[in-house]
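Given next are the chains, with one letter for each unit.
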Amino acid sequence: THEFYLTRHGQSEYNKLGKIGGDAPLTDDGRMYARRLAEFAKKVICRNAHGDAVPARLWTSGLRRTKETAAFIEHPTLEVCLPPPLGKLQWVQMRAREWRHLDEIYAGICDGMTYDEIQQLYPEEFELRHADKLGYRYPRGESYLDVCHRLEPVILEMERCRQPLLIIAHQGILRLIYAYFCGIERAKAPHVSIPLNTVIQLQPCTYSCVETRELLHT
Ligand code: G3H
């Protein structure tokens with residue numbers, strides 16, 4: 001298995017308002033992050049240890065904020081890179097794929113609300129979720145356990161992947177992927193923090209992963 005690079009989308013209009021879910025576009029800060037991420041993809045993800053260009057993969061969710069975060073990454077066509085020392089032209093390909101499986105956990109009747117609004121309108125739901133964040137299913141929405149199931153094909157494909165892979169997704173989703181590869185128990189996974197503006201690099205090894213984090217300042 002090759003290395004994985006996990007990142008949340010850049011800041012969205014909903015992040016700024018403290019609202020969950022929805023399909024909001026990026027803010028100016030979010031677009032700035034998208035530019036930095038494209039630089040990082042070109043310089044780090046699409047290079048091997050010798051600095052040669054290598055083909056890589058790019059996955060996003062079906063939601064606007066992840067696709068906008070990928071917008072400055074050159075894909076999916078072949079890109080000519082600067083010649084390496086031997087003067088040979090090399091080609092880079094970042095093959096893009098959009099997976100609805102990577103969409104954020106769906107909050108059902110609470111979609112588009114702030115946590116304060118949820119607590120005021122649905123205090124019992126708020127308490128239930130607090131008591132069991134993994135198993136709690138939003139009315140007409142999903143639970144983290146539901147999301148674990150929909151992520152199964154993604155995880156299988158990741159395990160088979162033989163190229164560096166950048167996944168641009170959402171906090172709820174990346175928590176589960178991160179917990180799976182780093183051996184964090186399932187009940188703890190919904191509480192893992194996945195910060196904005198950060199690329200988490202995971203290099204799978206025998207029983208866990210070597211992890212490095214890159215904060216891309218906006
Ligand atoms: O939809 C919002 C979040 O990224 C997931 O947050 O499961 O901690 O409420 P939460």
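As shown above, the structure is provided for reference.
Residues numbered from 1 in each chain as written. Predicted model: local features only at pLDDT ≥ 70, side-chain atom pairs only at ≥ 80, totals over all residues. Heavy atoms only, no water.

Turning our eyes to something else, we now look at the nonpolar core. The tendency in soluble globular proteins is for nonpolar side chains to be buried side by side. Core analysis: the largest hydrophobic core is formed by 32 residues, its most contacted members being Leu-6, Leu-102, Met-158, Ile-167, Ile-177 and Leu-202. With 8 residues, helix α7 (residues 171-182) is the single largest residue contributor to this core. Counting residues in each nonpolar core, the second largest holds 17 residues, with Tyr-5, Leu-166, Ile-168 and Leu-216 among its members. (Core = buried A, V, L, I, M, F, W, Y, C linked by side-chain atoms within 4.5 Å. Buried < 20%, exposed > 50% of the residue type's maximum accessible area, 1.4 Å probe, protein only. Helix = DSSP H or I, 4+ residues; strand = E, 2+ residues; numbered from the N terminus.)

Our next topic: the packing of aromatic side chains. Per the counting criterion, the structure on display carries 5 aromatic pairs. Cation over ring: Lys-19 sits above Tyr-14, and NZ or CZ is 5.8 Å from the ring centre. (Phe/Tyr/Trp six-rings, centres within 6.5 Å; stacked < 30°, edge-to-face > 60°. Lys NZ or Arg CZ within 6 Å of the ring centre and 35° of its normal.)

On to helix α6 (residues 144-160). Compared with an ideal rise of 1.5 Å per residue, which puts 17 residues at 24 Å, α6 spans 24 Å between its outermost C-alpha atoms and is within 8% of the ideal. At Leu-151, α6 is bent by approximately 45°, the largest bend along its length, and proline Pro-153 sits one to four residues beyond. Where α6 is concerned, the buried positions are Tyr-144, Asp-146, Val-147, Cys-148, Arg-150, Leu-151, Val-154, Ile-155, Glu-157 and Met-158. Against the buried residues of α6 lie β1 (4-8), β2 (56-60), β5 (94-98), α5 (123-131), β6 (165-169) and α7. Put simply, Ser-143 is the residue that caps the front of α6, since its side-chain oxygen is 3.2 Å from the backbone nitrogen of Leu-145. (Expected span 1.5 Å × (residues − 1). Bend = angle between axes of the 7 residues up to and from the residue. Contact = heavy atoms within 4.5 Å. Polar contact = N/O pair within 3.5 Å; in protein donor to acceptor, adjacent residues only side chain to side chain.)

Here we take up the site of the ligand. Taken together, Ile-20, Glu-104, Tyr-115, Arg-129, Lys-133, Tyr-144, Gln-171, Gly-172 and Arg-175 make up the full set of residues adjacent to the ligand. Glu-104 has a polar side-chain atom sitting 2.7 Å from an oxygen atom of the ligand. A distance of 2.5 Å separates an oxygen atom of the ligand from a polar side-chain atom of Tyr-115. Within the complex, 86% of the 310 Å² of free accessible area of the ligand lies under protein. Taking a 2 Å distance to the grid points as the criterion, the majority of the atoms of the ligand fall inside the largest pocket. Here the shell around the ligand is composed, by residue class, of 3 nonpolar, 2 polar and 4 charged. (Near = heavy atom within 4 Å. Areas by Shrake-Rupley, 256 points an atom, 1.4 Å probe, with all protein chains shown as cover. 1 Å grid on protein atoms, 1.4 Å probe; cavity = no way out; pocket = protein on both sides within 12 Å on 5 of 7 lines; lining within 4 Å. Sits in = over half its atoms within 2 Å of the grid points. Nonpolar A, V, L, I, M, F, W, Y, C, P; charged D, E, K, R; others polar.)

With respect to the helices, strands and loops of the structure, Tyr-207 is situated in the loop between β7 (198-204) and β8 (209-215). Each C-alpha atom, one on Tyr-207 and one on Phe-181, is 8.7 Å from the other, the two residues being 26 residues apart in sequence.

We now examine the pattern of salt bridges. For the coordinates displayed, the defined rule picks out 11 salt bridges. Ionic pairing is found between Arg-31 and Asp-28, a salt bridge with its closest N-O pair at 2.7 Å. Here Arg-31 and its partner Asp-28 are both found in helix α2 (residues 28-45), 3 residues apart, which amounts to about one turn of the helix. With a relative accessible area of 31%, Arg-31 lands in the partly exposed category. For Arg-150, the salt bridge identified is with Glu-142, shortest N-O distance 2.8 Å. (Salt bridge = Lys/Arg side-chain N within 4 Å of Asp/Glu carboxyl O.)

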